[in-house]
Amino acid sequence: MREVYKKVMTLSVPRRQNKIILGILIVLCIVLASFNLKYQNILPAGKSIILEVVSPLQKAVTFLINPFIKSIKTINKLSGILEENRILTEKVNTLLKENIYLKELERENRELRELLGSSYYEKFEVKLAKVIGKNRTDWKNSFFIDKGTNHNIKINMSVINQSGLIGKIITTSRNFSEVKLITDPNSSVAAMVQDSRKTGIIQGTGGNTLKFDLVSKEVEMDTGDIIITSGLGGIFPEGIQVGRVFDIRNLDYELYKNIKILPACNFDDIEEVLIITNFTH
Amino acid sequence: MKKFFFSLFLLLITLAIQSTITNYILVGGIQLNLILVIVISTSLIFGEFFAIIFGFFAGICSDFLFGHILGLFAFVNMISAFISLKVKRFFTQEHYIVPAIVMIIVTEIWVFLTYIISFSLGGEVIQGNLINKIIYQPLINGLVMLIIHPMIKKIGSLLK
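Here is a short report on the structure shown in this document. (Residues numbered from 1 in each chain as written. Chains lettered and ligands numbered in written order. Predicted model: local features only at pLDDT ≥ 70, side-chain atom pairs only at ≥ 80, totals over all residues. Heavy atoms only, no water.)

**Section: the overall build of chain B**
Each helix and strand in chain B was counted, giving six helices and two strands. From first element to last, N terminus to C terminus, chain B shows the α and β order α-β-β-α-α-α-α-α. For chain B, whose C-alpha radius of gyration is 15 Å, the value lies close to the compact-globule estimate of 15 Å for 160 residues. A principal-axis box enclosing the C-alpha atoms of chain B has dimensions of 45 × 30 × 30 Å. Taken over 160 residues, chain B has a buried fraction of 57%. The contacts of chain B with a sequence gap of at least 6 include a subset with a gap of at least 24, amounting to 68%. Placing the 9 positive and 5 negative side-chain charges of chain B at their respective mean positions leaves the two points 16 Å apart. (Helix = DSSP H or I, 4+ residues; strand = E, 2+ residues; numbered from the N terminus. Rg over C-alpha atoms; globule rule 2.2 N^0.38 Å. Buried < 20%, exposed > 50% of the residue type's maximum accessible area, 1.4 Å probe, protein only. Contact = heavy atoms within 4.5 Å. Lys, Arg positive; Asp, Glu negative; His and termini not counted. Charge placed at Lys NZ, Arg CZ, Asp CG, Glu CD.)

**Let's talk about a nonpolar patch on the surface**
Residue and element names in this part refer to chain B. A contiguous nonpolar patch, built from Tyr 96, Ile 97, Ile 101, Ile 105, Leu 143, Leu 146, Ile 147 and Met 151 and spanning about 750 Å² of accessible area, is present on the exposed surface. Only helix H5 (98-120) and helix H6 (127-159) provide two or more residues apiece to the nonpolar patch. A total of four residues in the nonpolar patch trace back to one element, the largest contributor, which is H6. Along the chain, Ile 101 falls in helix H5. What makes Ile 101 partly exposed here is its relative accessible area of 31%. (Patch = residues over 30% accessible without salt bridge, like charges linked within 9 Å, V, L, I, M, F, W, Y side chains within 5 Å. Areas by Shrake-Rupley, 256 points an atom, 1.4 Å probe, with all protein chains shown as cover. Salt bridge = Lys/Arg side-chain N within 4 Å of Asp/Glu carboxyl O.)

**A look at the pattern of salt bridges**
Under the criterion given, the structure shown has 10 salt bridges over all chains. In this structure, the salt-bridge partner of Asp146(A) is Lys147(A), at a minimum N-O distance of 3.8 Å. This pair shows no difference in class: Asp146(A) is buried, exactly as Lys147(A) is. Ionic pairing is found between Glu94(B) and Lys88(B), a salt bridge with its closest N-O pair at 3.5 Å. By relative accessible area, which is 24% here, Lys88(B) ends up partly exposed. Among the charged side chains, a network of salt bridges with common partners joins Lys47(A), Lys140(A) and Glu178(A).

**What about the sheet that holds strand E11 (residues 258-263) of chain A?**
Residue and element names in this part refer to chain A. Spatially, the six strands close up into a barrel ordered E6-E7-E8-E11-E10-E9, and their pairing is antiparallel. Averaged over all adjacent pairs, the angle separating strand axes in this sheet is 40 degrees, with direction ignored. Sheet topology places strand E9 (residues 226-229) next to strand E10 (residues 241-249); three bridges connect them, and they run antiparallel. By the bridge assignment, Ile 227 is partnered in E10 with Gly 243. (Pairing = 2+ DSSP bridges. Axes fitted to C-alpha atoms, helices over the stretch in contact; angles between N-to-C directions.)

**What to know about the interface of chain A and chain B**
Every contact between the two is made by 45 residues of chain A and, on the other side, 46 residues of chain B. Carbon and sulfur atoms supply 73% of the area that chain A and chain B bury against each other, a total of about 4,200 Å² over both sides. Across the contact surface, chain A and chain B share zero salt bridges. In this structure, the connection of chain A to chain B is made through eight residue pairs in polar contact (both at pLDDT 80 or more). Sorting the residues of the side of chain A that touches chain B by element identifies helix H1 (2-9), helix H2 (15-38), helix H3 (42-78) and strand E1 (126-136) of chain A as the ones contributing at least two each. Ranked by the residues each element gives to the side of chain A that touches chain B, the list is headed by H3(A), at 14 residues. When grouped by side-chain class, the residues that make up the side of chain A that touches chain B number 27 nonpolar, 10 polar and eight charged. (Buried area = accessible area lost by both parts, 1.4 Å probe. Polar contact = N/O pair within 3.5 Å; in protein donor to acceptor, adjacent residues only side chain to side chain. Nonpolar A, V, L, I, M, F, W, Y, C, P; charged D, E, K, R; others polar.)

Given below as structure tokens:
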């Protein structure tokens, strides 16, 4: 027994035994995969344990590399900065005029809101979390964040930022969680066109675009239309921006319109997210 | 015992780096697979038994953190680690470029196996990504292997 223990700890056993071990582990992999296909909750359960161990390291690495990443991004942006400056100066002038008009509208809005009670969005409580890791492969698009069950984060809570919808919480551990992005191939979000209120399902593609599915061919739509969450399904609150339509095709062999959406959020640059903690349908 | 703790530490650091830094190291839109690089590198240094065990555990951890089917990466990483030693036997001379060549060959096998298994279990295969993966993944992994392998070899020789 002592001899076997010594061999295992020194990681050296005869070659004949290696093949037996390999065979056993191959069978174990098949068993694990079969269990996983039958019991879907095995993966999240194991993940929360691994997250607790790895996430502090992820947090440390993110903290260390963030200054470098920011510097590189700034250098990349420098090339187009003069042109951007000219465009921004023009925009500032236009926005100054708009601002005066909007301030007037805001005052009017505040007065009306006081008359009607609180606004829809003020009902939501949000929690700020830092993105500490990313997992973007063909099969899976997710972020790891530094808030977990200790911060009242629960599975299926919606995750947003100032630009729009990011995804939902799929795994939680005590101090960390995993967010499934709306670009994940297995992600579905009930959504609608902001102006026409026509509903459909936003599906992830695994890439940087989304698909707006189940929209009838008779529905009139244009590129640039804004897509927001419809609130159907009870996971995501209504009215959060998901993205903009950038390609519409009516293909003969498809039942519905083939609509491509550009997400409102740039998933490559997200460092912080907001979790809606009190939404219930 | 030293080897065991070194492997555990290396695995944890690699998992943390894989989900942070490697997101910014993209060639042709393809991310470096640092976990596979570490698995193959340590396998070439520590031998067959280590290759099987470390490949399996690194794969299981990847399955939990990044995977969609439990056991997929465990199987593929373990087989890749095992094959890497068989591939290495074709090279009679010890040359610093050999591990990189082994890495390139094994990565092609890894990509092929991952996609075949994933596809047969109902996963979607994005054609453009697959082609990019076949071309770029072995190149990035091979290149990083050139840098990392001598460092791990040095630490490995201290542990032996």
